[in-house]
Amino acid sequence: MTSMEAFSTVRTGTFLERCAAAAGLALALVLLRLPFRHTTRAVRWARRAGRRPLTAARAEAVVEAVWHTARLWPGRAACMETSLGAVLAAALLGGRLHWCLGVRFSPPPTSYHAWAELPEDGPVGEYTEAGWHHHTALTI
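Rules behind the numbers
- Residues numbered from 1 in each chain as written.
- Predicted model: local features only at pLDDT ≥ 70, side-chain atom pairs only at ≥ 80, totals over all residues.
- Heavy atoms only, no water.
- Helix = DSSP H or I, 4+ residues; strand = E, 2+ residues; numbered from the N terminus.
- Buried < 20%, exposed > 50% of the residue type's maximum accessible area, 1.4 Å probe, protein only.
- Phe/Tyr/Trp six-rings, centres within 6.5 Å; stacked < 30°, edge-to-face > 60°.
- Patch = residues over 30% accessible without salt bridge, like charges linked within 9 Å, V, L, I, M, F, W, Y side chains within 5 Å.
- Areas by Shrake-Rupley, 256 points an atom, 1.4 Å probe, with all protein chains shown as cover.
- Salt bridge = Lys/Arg side-chain N within 4 Å of Asp/Glu carboxyl O.
- Lys, Arg positive; Asp, Glu negative; His and termini not counted.
- Charge placed at Lys NZ, Arg CZ, Asp CG, Glu CD.
- Axes fitted to C-alpha atoms, helices over the stretch in contact; angles between N-to-C directions.
- Parallel < 35°, antiparallel > 145°, perpendicular 65-115°, else oblique.
- Left-handed = near helix turned anticlockwise from the far one by under 90°.
- Contact = heavy atoms within 4.5 Å.
- Nonpolar A, V, L, I, M, F, W, Y, C, P; charged D, E, K, R; others polar.
- Polar contact = N/O pair within 3.5 Å; in protein donor to acceptor, adjacent residues only side chain to side chain.

(A) Inspection of the environment of Gly125 at higher detail. Along the chain, Gly125 falls in the loop between strand 5 (122-123) and strand 6 (133-139). With relative accessibility at 13%, the residue Gly125 sits in the buried group. Once the C-alpha coordinates of Gly125 and Val62 are considered, the two residues, 63 residues apart in sequence, prove to be 9.7 Å apart.

Following this line, the structure appears as structure tokens:
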């Protein structure tokens, strides 16, 4: 996905997915201002609340809805906030995503990164072209 696709002005997802994305992002923005143990506890709760893994298409729609919602936020909404928002939005919809923190190896520069992931399909909404690799340090 290119940066133009990630920040397009077209609304993505259903109305319910967009509402869950807004609630998930708002909750993520609050949680990331608290000590990290509270954030991990909330993500573990979200994983238990999500009864079933999402399909790849539905997970992609949720992540894109969170990205679209993040465009409207006047403050910082980068990979940490949007990936956590996607995990929480999926839980609100009854689905389950993993929240991964680690490193993204790409053509220079290599950077710390956070992303949402389906266990069997890998990162959702991330670059998958040759030369882009994700190394997970923590999965919740």
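(B) Seen up close, the packing of aromatic side chains. Tallied over the full model, the rule gives one aromatic pair. Relative to Trp99, the ring of Phe36 has its centre 6.2 Å away and its plane inclined at 40°; by these criteria the two rings are tilted. Note that Phe36 is positioned in helix 3 (residues 36-49) and Trp99 in strand 3 (residues 98-105), a separation of 63 residues in sequence. Judged by its relative accessible area of 0%, Trp99 is buried.

(C) Examining a positive patch on the surface more closely. The grouping of Arg37, Arg41, Arg44 and Arg48 at the surface amounts to a positive patch. Here Arg48 is to be found in helix 3. Accessibility expressed as a relative area gives 62% for Arg48, which makes it exposed.

(D) Expanded view of the packing of helix 4 (residues 56-71) against helix 5 (residues 79-92). It is at 9 Å that the axes of helix 4 and helix 5 come closest, and there the two elements cross at 125°. It follows that helix 4 is oblique to helix 5 by the angle criterion. Note on packing geometry: the crossing formed by helix 4 with helix 5 is right-handed. Note on element contacts: helix 5 touches helix 4 through Thr82, Gly85, Ala86, Ala89 and Ala90, opposite Val62, Val63, Val66, Trp67 and Ala70. Looking at the contact of helix 4 with helix 5 residue by residue, the classes come out as eight nonpolar, two polar and no charged.

(E) Here's a closer look at the packing of helix 3 against helix 5. As a packed pair, helix 3 and helix 5 sit with axes 9 Å apart at the nearest point and diverge in direction by 35°. Crossing handedness for the pair helix 3 and helix 5: left-handed. Taking contact as the criterion, the partners of Thr39, Ala42, Val43 and Ala46 in helix 3 are, on helix 5, Leu84, Val87, Leu88 and Ala91. Grouping the amino acids of the contact of helix 3 with helix 5 by side-chain chemistry returns seven nonpolar, one polar and no charged.

(F) Region of the structure containing the side chain of Ser83. With respect to the helices and strands, Ser83 occurs in helix 5. We classify Ser83 as buried; its relative accessible area is 5%. At 3.2 Å, the side chain of Ser83 forms a polar contact with the backbone oxygen of Met80. At a separation of 2.8 Å, a polar atom in the side chain of Ser83 contacts the side chain of Trp99.

(G) A look at the pattern of salt bridges. Applying the stated criterion across every chain yields a total of two salt bridges. Residue Arg58 pairs with Glu17 through a salt bridge whose shortest N-O separation is 2.6 Å. Of this pair, Arg58 sits in helix 4 while Glu17 sits in helix 2 (residues 15-31), and the two are 41 residues apart along the sequence. Between Glu81 and Arg76 there is a salt bridge, with the nearest N and O atoms lying 2.6 Å from each other. Residue classification places Glu81 among the buried positions, given a relative accessible area of 5%.

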